[in-house]
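Topology and contacts: notes
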Amino acid sequence: MTDVTGASADVLHALFHSDQGGHEQVVLCQDRASGLKAVIAIHSTALGPALGGTRFYPYATEAEAVADALNLARGMSYKNAMAGLDHGGGKAVIIGDPERDKTEELLLAYGRMVASLGGRYVTACDVGTYVADMDVVARECRWTTGRSPENGGAGDSSVLTAFGVYQGMRASAQHLWGDPSLRGRKVGIAGVGKVGHHLVKHLLDEGAEVVITDVRGDAVQRILDQHPEGVTAVADTEELIRVEGLEIYAPCALGGALNDASVPVLTAKVVCGAANNQLAHPGVEKDLADRGILYAPDYVVNAGGVIQVADELHGFDFDRCKAKAARIFDTTLAIFARAKADGIPPAAAADRIAEQRMADARAGHAAH
C-alpha cells in the first residue's frame, strides 16, 4: 500500500504513530543527476541545532533506511543531552554502497540538501563516510563538522571516542570493584577498526590484558603486529563473549551486539563499548541486570566523537575537548548511582537524565 506521494504507508506510519515517532522533521532527499537518495531525520532541537553523522549504507529497502535514520536521530538526542552539549539529535542516511556509489557530485548534492535546512541539522562522519567526504560536503554546506585540519576541522573523531569509552570502563571498574584501575583486567574488544584500535592502546598502556576479534583479518593482524605483547586474538565474537575470565566486554562494531543469544553466555561482568544501539531490543538491559552484568550505556560512553565535532563549530581546541570527554567518567558513575537509587537498569537511568534535560530546555523555551 502506498499513499498519494508513492511513499510506502509503513514509512509514514513509522513517522507519526510508532514509538520511534515524535521526530520534528524528516526530509527525503533525491538528486537524480548524481543518484543521491538520502533521508535526514531531525529528532529534537530542544537543546540546539540537531547534530549527528551521515551514514552511507546499502539498505535493502527505503523503509529500512528511514527506520535506521529515525532510530539513530533519536539516539543522538539522548547522546548529545548526556554529553552536556547544546545540541539536539539528528542523523542522515545515504542509500547506496559507499564503495561503488559515492562520488564527488553525490556528496556535493547532499551538502546542498543539508544546507537547505538552514542550520537546523549539523552533519558529520558515520559508518561509510570519512573526513575527506565531509570536506567535500562542506564546500556546499557550512553546517558540516568532522572535516580535516587543513579545512578548519578537527580530523578523526575516533581518537576521543576511544578515550571516552576508556573513561566509561574506568567508571565501571570503580563502581563494581571499588577501583578505577584496569591493570590486570581482561578486556575483550569486538571490532578493532576506527575506534577499537585506539582503545587497545589505552588499555595496554594501563596494563590490561586484551583479547580482540574483527571480521577483517587484516585489522586483527595490524593490532598483533603493533602490540606483540599483551594482546591475543580469537576467531569471532561468538568465541570472544565466552572467553573464560573475561571481565569487560567492549562491542565496537555494528549495533545489536547484546541480544537473546549473546547475553546468556556472556562471561564478562561489565559491558562498555563504542558501538551504537548495542541493545538489540527493549528488555535486554533487564536481562543484563538479572545476570549481574553492569552495562555502561553506549550513547554515554561513546560520546567523545560528538563532543569533538561539536567543538569544531566554535574553533576546534583538542585539550578543551579531551577535558570534556574525560567527564564521561563522572557522568557514567552518576548514571550507575541513579540506577541503584531508582532500582532500574543503567540504560533506563541514562534515558531519564537525558529526557529531563530535554524537558527542562523545552520548558525554558515555552517560558520565553
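Please read all numbers here as calculations on a predicted model, not as lab measurements.

1. Some thoughts on the overall build of the chain
- Of the regular secondary structure elements, the chain holds 15 helices and 11 strands.
- Taking 368 residues into account, the globule formula puts the C-alpha radius of gyration at 21 Å, and the chain, at 20 Å, falls close to it.
- The C-alpha extent of the chain, read off along each of the three principal axes, is 55 × 45 × 45 Å.
- Relative to its full complement of 368 residues, the chain shows a buried share of 51%.
- Put simply, 65% of the contacts in the chain that link residues at least 6 apart link residues at least 24 apart.
- Just so you have it, the chain exposes about 16,000 Å², and 51% of that area is on carbon and sulfur atoms.
- Between the mean site of the 34 positive side-chain charges and the mean site of the 47 negative ones, the chain shows a separation of 4 Å.

2. Quick word on the sheet that holds strand S2 (residues 36-44)
- Taken together, 5 strands build an open sheet; the order of strands is S1-S2-S4-S3-S5 and the sheet is mixed. Only two strands of the sheet have a single neighbouring strand rather than two, namely strand S1 (25-31) and strand S5 (121-125). If you compare each strand with its neighbour and ignore which way they point, the axes differ by 25° on average.
- The pairing of strand S3 (residues 50-57) with S5 spans 5 bridges and is parallel. Opposite Gly-53, over in S5, you have Ala-124 as the bridge partner.
- Packing of helix H2 (residues 62-82) onto the sheet brings it into contact with S1, S2, S3 and strand S4 (88-95), and relative to S4 it is tilted by some 155°.
- Strand contacts of helix H4 (residues 104-115): S1, S2, S3, S4 and S5, with the helix running at about 30° to S2, the strand carrying the most contacts.

3. A word on the packing of aromatic side chains
- All chains considered together, the criterion is met by 4 aromatic pairs.
- On the numbers, 6.5 Å between centres and 45° between planes, the contact of Phe-163 with Tyr-166 is tilted. Pair noted here: Phe-163 and Tyr-166 are both in helix H6 (residues 158-177), with a separation of 3 residues, about one helical turn. Residue Phe-163 shares its accessibility class with Tyr-166, and that shared class is buried.
- One cation-aromatic arrangement involves Arg-170 over Phe-329; the distance from NZ or CZ to the ring centre is 4.8 Å.

4. Description of the packing of H6 against helix H7 (residues 196-205)
- Close contact between H6 and H7 brings their axes to 8 Å; oriented N to C, the two are set at 45°. Relative to H7, the element H6 lies oblique. In terms of crossing hand, the pair formed by H6 and H7 is right-handed. Between H6 and H7, the contacting residues are Ser-158, Val-159, Ala-162, Phe-163, Val-165, Tyr-166 and Met-169 on the first element and His-198, Leu-199, His-202 and Leu-203 on the second.

5. So, H7
- Within H7 the residues assigned to the buried category are Gly-196, His-197, Leu-199, Val-200, Leu-203 and Leu-204. Down the axis of H7, the buried set is contained in an arc of 155°. They therefore lie on one face.

6. Some thoughts on the environment of Val-66
- Here Val-66 is to be found in helix H2.
- With a relative accessible area of 5%, Val-66 lands in the buried category.
- When the C-alpha positions of Val-66 and Ala-38 are compared, they lie 9.0 Å apart, and in sequence the two are 28 residues distant.

7. Digging into the nonpolar core
- Counting residues in hydrophobic clusters, the biggest one holds 47 residues, and the most contacted among them are Met-169, Ile-189, Leu-199, Val-200, Leu-203, Val-210 and Ile-212.
- Here this core takes 7 residues from H6, the largest share from any one element.
- Beyond its immediate sequence surroundings of up to four residues, Met-169 is in contact with Leu-182, Val-187, Leu-199, Leu-203, Ile-248, Ala-250 and Cys-272.
- Counting residues in each nonpolar core, the second largest holds 21 residues, with Ile-94, Leu-107, Ala-109 and Tyr-121 among its members.

8. Some thoughts on unusual backbone geometry
- A positive phi is found at Asn-277, a non-glycine position, where the angle reads about 50°.
- Residue classification places Asn-277 among the partly exposed positions, given a relative accessible area of 36%.

9. Digging into the pattern of salt bridges
- Applying the stated criterion across every chain yields a total of 20 salt bridges.
- Of the charged contacts in the structure, one is a salt bridge between Arg-147 and Glu-312, with a shortest N-O distance of 3.2 Å. With a gap of 165 residues between them, Arg-147 in the loop between helix H5 (131-138) and H6 and Glu-312 in helix H12 (residues 304-312) connect regions that are remote in the sequence.
- Connected through salt bridges with shared partners, the residues Arg-55, Asp-68, Lys-91 and Asp-126 form a single ionic network.

10. Concerning a nonpolar patch on the surface
- A contiguous nonpolar patch, built from Tyr-57, Val-127 and Leu-254 and spanning about 250 Å² of accessible area, is present on the exposed surface.
- Mapping Val-127 onto the fold places it in the loop between S5 and H5.
- A relative accessible area of 33% places Val-127 in the partly exposed class.

11. Focus: the pairing of S3
- Within S3, 7 of the 8 residues are buried, which leaves it mostly tucked inside the rest of the structure.
- Pairing between S3 and S4: 6 bridges, direction parallel. Note that in S4 the partner of Thr-54 across the bridge is Ala-92.
- Following the chain from S3 across H2 to the adjacent parallel S4, one finds a crossover that is right-handed.

What counts as what
Residues numbered from 1 in each chain as written. Predicted model: local features only at pLDDT ≥ 70, side-chain atom pairs only at ≥ 80, totals over all residues. Heavy atoms only, no water. Helix = DSSP H or I, 4+ residues; strand = E, 2+ residues; numbered from the N terminus. Rg over C-alpha atoms; globule rule 2.2 N^0.38 Å. Buried < 20%, exposed > 50% of the residue type's maximum accessible area, 1.4 Å probe, protein only. Contact = heavy atoms within 4.5 Å. Areas by Shrake-Rupley, 256 points an atom, 1.4 Å probe, with all protein chains shown as cover. Lys, Arg positive; Asp, Glu negative; His and termini not counted. Charge placed at Lys NZ, Arg CZ, Asp CG, Glu CD. Pairing = 2+ DSSP bridges. Axes fitted to C-alpha atoms, helices over the stretch in contact; angles between N-to-C directions. Phe/Tyr/Trp six-rings, centres within 6.5 Å; stacked < 30°, edge-to-face > 60°. Lys NZ or Arg CZ within 6 Å of the ring centre and 35° of its normal. Parallel < 35°, antiparallel > 145°, perpendicular 65-115°, else oblique. Left-handed = near helix turned anticlockwise from the far one by under 90°. Arc of directions from axis to C-beta. Core = buried A, V, L, I, M, F, W, Y, C linked by side-chain atoms within 4.5 Å. Salt bridge = Lys/Arg side-chain N within 4 Å of Asp/Glu carboxyl O. Patch = residues over 30% accessible without salt bridge, like charges linked within 9 Å, V, L, I, M, F, W, Y side chains within 5 Å. Right-handed = clockwise from strand over helix to strand, strands pointing away.

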